[in-house]
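If you want the building blocks of each chain, they are given just below.
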Amino acid sequence: MNATNLQTQTPTALGLDVGTSRIVAAQRHDKDIQFDTQLNAFVTIPFSKLTQGVLKKERIPHLVQDSEITVYGDESERFANLFHRETRRPMLRGILNPDEAGSLTLVRQIVALVMGEGDGQGKRVCYSIPAAPLGANEEVNEHEASLKSMLSKMGYDAHAISEGLAVVYGEMESSNYTGIGISCGGGLCNVCLAYLSVPVFSFSIPKAGDFIDAGVAQLRGEPATRIRTIKEESFHFNGHFVNKIHQALSTYYEDMIQALVAALKDQFASVQNMPKLNRPIPLVLSGGSVMPPGFRDRFEKSLREIELPVAIAEVRMASNPMVSTARGALVAALSEL
Amino acid sequence: MRLAILIRNALVRALEWRARHFSDPVDRLQFLRRNIDAPGKAASWSAFGAASRSIAGRSAHAFIIATVLALVSAWCWTLSRHGKASSEIHGRLPGSARAVTRRAGRHGPPGTGKVWVVQTTPQFDLYSNGLRVEEQYATSTAPRRYVAFVRNGPISRVPSRASPVASAVEGEWRSAPAGIVYHTTESHWAPFEKEQNQSLRRAGEGLLEYVQRRHSYHFVIDRFGRVFRIVREGDYANHAGNSIWADQVWIYINLNQSFFGVAFEARSQPARNESTVNAAQIYAGRILTDMLRARYGIAASNCVAHAQVSVNPANFGVGYHLDWAANLPFAQLGLPDNYKLPLASVNLFGFEPPAAMLAAGLPSVKQGLLASQAELRADAGASGQPLERYRAKLQERYRDAIRALRGKGAYQEYN
């Protein structure tokens, strides 16, 4: 067994993607960006000293509260399978889950897993927040303030960035940060049109991964966790569905894509002071829900079927869809140093 | 009004044009945000638009002056940024494949072409030379950080005056990898036959899970020639333990931090005389080596076998680990026969080879041992000291160097 006491270079800024299903931290270490990811989920199991001892010994992140042990982060999924339970989420549709007591505490613990325990030493961190869904501005404001307060208490100089804008910063350097960034996560699909790094509009729709999982689960009478596993491991858009779950997944995905495209069209129609774009702009897809093979083609087909006031040069996948938001948040944090 | 719009469009196009001169994404974003925000400290496009229209409404002339000033300011700011060392500008956020490729293009060692990332997915990374690195077992430890000692200082020879170690510790802190150590996993080994498919796959999966838990290497090449990332490239891996290597300029002590660990799923002494590695593994090793050398500017002389670098400080013996003590196919990996290189542990720190190594056939580490022993004898003669006393002094320097590294927090303890 090796123990290291080496000095490590301390990153000066961090990017943090606080998503409904995952929390991702991006830190620059010399020549590389390091990403640390944890599931934004937890599971509770009955308290026993033996279980607690095993968890401590195995260094499994957990909290002990009254008669329960809460296992959180990546390990929660393993324990959920072990105890035949569903994992629960501290966040719902992009914001802190009002139905889960102590959701902020759990998010804090998971953030500490990806960013490291200890004092933030005033390091600048840009953290993602969703764009407000229609009529839900106050909830997002409260969510933003809660996260800012939490990160400040951890010793960070925290600044919020809209998730869609973070995708633009993470993926659209080549077009001078002009284009449409879309992040389809667990709770929401976030969209941002930016021109020369300045956001023109941002919005979100509440149809994303969880919507698909829940819909298919209800339709097929299966647990949502199992649907998510099937979706992530074997679903694709090639038109030949091997079973009814895949068929249902395709239907719900179609619904999500249509809602996203329609909302994009509405937003363009309602925006004022639209900049004059002198050339076609790119559109980048990111987030865990865009991962099934064929998603890009299916989305582009739907997009081409509507008329937008701007020409789309290309629809492309993010270089690494799971970490685009965190990367963009890091770029934003570094640019403000 | 029309004039103002024309001027505003010209300003925006000028900003776009200037922004493209920034290769680093952070610099580019900084430049754009400073200049776009300038008219009204706008946080959104509508605010920016309103600010510029307001300016235009007040006076087109004033706007022209503002535009010219903004352009001059942008130009000066750009020049001042470019005035800094280009390495700093390129290195602001070099996690992107493009940044790394450009750097490799400038500083890549002779013999390695450009290699760049073609596609990155959660499952694999694909490189332009055909290398595909599987990501399923990727894990991380902590960022690489180590001290490299200057060889052409007091450490390269025992100086006549006492206490050379004070100078020896005057190396430099680094985070860039300096070389590659090749390993064999010495894991469960089934015959490479069609009938053994299940055993081969099971053994491979078990091995990958094991090395992932222990952070044993940066890469593992399984018996089907697949390359698996284990520890991320920017982090250290626990692959070399107590070890020493030196090139013409630098000395590296304990290579977990300074060298990549690349392991072939293989055994040093396979049963029934089967070949240690197969053609698929060698080809994968070749393109992996090419990628690492191209991206990190690694010298060919720093691509070596574990047996060449492994030492046992307890008895000052060379070759504590003996994987690839012989038959590492350097030529097929695109490298010169590095078995011929003298072992730094012997001629710089007085370590002694075991008899088994000297009895080995060729090609093997024996070639380097003989070369380093010859250098050691010559150095002892030049210093006018008997060989054994000279060797004892070198060993004392090693102990002092380790103490100095511990003092600097740059030493891993091995139990």
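Chemist: Just checking my understanding: could you explain the overall build of chain B for this structure?
Modeler: Each helix and strand in chain B was counted, giving 14 helices and 15 strands. The contacts of chain B with a sequence gap of at least 6 include a subset with a gap of at least 24, amounting to 67%.

Chemist: Can you walk me through the overall build of chain A in this structure?
Modeler: The number of helices and strands found in chain A is ten helices and 16 strands. The 337 residues of chain A split such that 50% are buried.

Chemist: Hey, could you run me through the environment of Asn129(B) in this one?
Modeler: Residues and elements named next belong to chain B. By the element assignment, Asn129 lies in the loop between β2 (124–127) and β3 (132–134). Separated by 15 residues in the primary sequence, Asn129 and Lys114 have C-alpha atoms spaced 8.6 Å apart. Apart from the residues lying within four places of it in its own chain, the contact partners of Asn129 are Val115, Ile287, Asp290 and Met291.

Chemist: Would you explain the sheet that holds strand β6 (residues 62–65) of chain A in this entry?
Modeler: Paired through their backbone hydrogen bonds, the strands of a sheet run either parallel or antiparallel. Residues and elements named next belong to chain A. Taken in spatial order, the three strands of this open sheet run β5-β7-β6, and their pairing is antiparallel. Lying at the two open borders of the sheet, with one neighbouring strand each, are β5 (42–46) and β6. Each strand axis lies, on average, 25° off the axis of its neighbour in the sheet, ignoring direction. Bridging between β6 and strand β7 (residues 68–72) involves four bridges; their strand directions are antiparallel.

Chemist: What exactly am I supposed to notice about the packing of helix α8 (residues 244–270) of chain A against helix α9 (residues 295–305) of chain A here?
Modeler: All names here are of chain A. Two numbers describe how α8 lies on α9: the axes approach to 10 Å, and their chain directions differ by 40°. Regarding the angle of α8 to α9, the classification is oblique. For the pair α8 and α9, the crossing hand works out as right-handed. Contacts from Ile257, Gln258 and Val261 in α8 reach Arg298, Phe299, Ser302 and Leu303 in α9. Residue classes in the contact of α8 with α9 are distributed as four nonpolar, two polar and one charged.

Chemist: Mind showing me how you'd approach the sheet that holds strand β10 (residues 250–253) of chain B here?
Modeler: Residues and elements named next belong to chain B. Read across the sheet, four strands follow the order β5-β4-β10-β9 without closing on themselves; strand pairing throughout is antiparallel. This sheet does not close on itself; its edge strands, each paired only once, are β5 (172–174) and β9 (244–246). The mean angle between the axes of side-by-side strands here comes to 30°, regardless of whether they run parallel or antiparallel. Sheet topology note: the β9/β10 ladder contains three bridges and is antiparallel. Note on β10: the bridge partner recorded for Trp245 is Tyr252.

Chemist: So what exactly am I meant to see when it comes to the nonpolar core here?
Modeler: Note that soluble globular proteins tend to have their nonpolar side chains buried in a common cluster. Among the nonpolar cores identified, the biggest contains 105 residues, and Leu16(A), Ala26(A), Tyr127(A), Ala329(A) and Leu330(A) are the most heavily contacted of them. The element contributing the most residues to this core is α8(A), with nine residues. Contacts of Leu16(A), omitting those with residues within four sequence positions, involve Ala25(A), Val111(A), Met115(A), Val125(A), Cys126(A), Tyr127(A), Ser128(A), Ala326(A) and Ala329(A). One finds Val227(B), Val311(B), Ala325(B) and Leu369(B) within the second-largest nonpolar core, a separate group that totals 82 residues.

Chemist: I tried to follow α8(A) on my own but got confused; where do I start?
Modeler: Because an α-helix completes one turn every 3.6 residues, residues spaced three or four positions apart along the sequence face the same direction. Residue and element names in this part refer to chain A. Here α8 is 27 residues long and its end C-alpha atoms lie 39 Å apart, about the 39 Å a rise of 1.5 Å per residue gives. What α8 keeps buried is the set Ile245, Ala248, Leu249, Ser250, Tyr252, Tyr253, Met256, Ile257, Leu260 and Leu264. The inward-facing, buried residues of α8 contact β13 (189–195), β14 (198–205), α6 (209–220), α7 (224–234) and α9.

Chemist: Before we go on, may I ask you to explain the packing of helix α5 (residues 163–171) of chain A against helix α10 (residues 324–335) of chain A in this structure?
Modeler: How two helices pack is summed up by the angle between their axes together with the distance between the axes. Residue and element names in this part refer to chain A. Contact pair α5 / α10: the axes reach a minimum separation of 7 Å and the direction vectors enclose 80°. Comparing the axis directions of α5 and α10 gives the class roughly perpendicular. Counted together, Glu163, Ala166, Val167, Val168, Tyr169, Gly170 and Glu171 of α5 and Ser324, Thr325, Arg327, Gly328, Ala329, Val331 and Ala332 of α10 form the full contact between these two elements. Here the residues of the contact of α5 with α10 sort into seven nonpolar, four polar and three charged.

Chemist: Would you mind going over the confidence of the model for chain A with me for this structure?
Modeler: In low-pLDDT segments, the atomic positions of the prediction should not be examined closely. Mean pLDDT over chain A works out to 87, with 93% of the residues at or above the 70 mark. In this model residues 1–9 of chain A is a low-confidence stretch, pLDDT under 50, and it forms 25 contacts with partners more than four residues away in sequence or in other chains.

Chemist: Any chance you could explain unusual backbone geometry here in plain terms?
Modeler: When glycine is set aside, most residues are seen to have a negative phi, and most peptide bonds are trans. Of note in this structure, Arg59(A) is not a glycine but carries a positive phi near 55°. Position of Arg59(A) among the secondary structure elements: in the loop between α1 (49–57) and β6. Even without a glycine there, the phi angle at Phe316(B) is positive, about 50°. Mapped onto the elements of the fold, Phe316(B) is located in the loop between β13 (311–312) and β14 (317–318).

Chemist: Explanation requested: the environment of Ala240(B) in the structure shown.
Modeler: By the element assignment, Ala240(B) lies in the loop between β8 (227–229) and β9. Taking the C-beta count within 10 Å as the criterion, Ala240(B) has 28 such neighbours and is therefore assigned buried.

Cut-offs applied
Residues numbered from 1 in each chain as written. Chains lettered and ligands numbered in written order. Predicted model: local features only at pLDDT ≥ 70, side-chain atom pairs only at ≥ 80, totals over all residues. Helix = DSSP H or I, 4+ residues; strand = E, 2+ residues; numbered from the N terminus. Contact = placed C-beta atoms within 7 Å. Buried ≥ 20, exposed ≤ 12 C-beta atoms within 10 Å, placed from the backbone. Pairing = 2+ DSSP bridges. Axes fitted to C-alpha atoms, helices over the stretch in contact; angles between N-to-C directions. Parallel < 35°, antiparallel > 145°, perpendicular 65-115°, else oblique. Left-handed = near helix turned anticlockwise from the far one by under 90°. Nonpolar A, V, L, I, M, F, W, Y, C, P; charged D, E, K, R; others polar. Core = buried A, V, L, I, M, F, W, Y, C linked by C-beta atoms within 7 Å. Expected span 1.5 Å × (residues − 1). pLDDT = per-residue confidence, 0-100.

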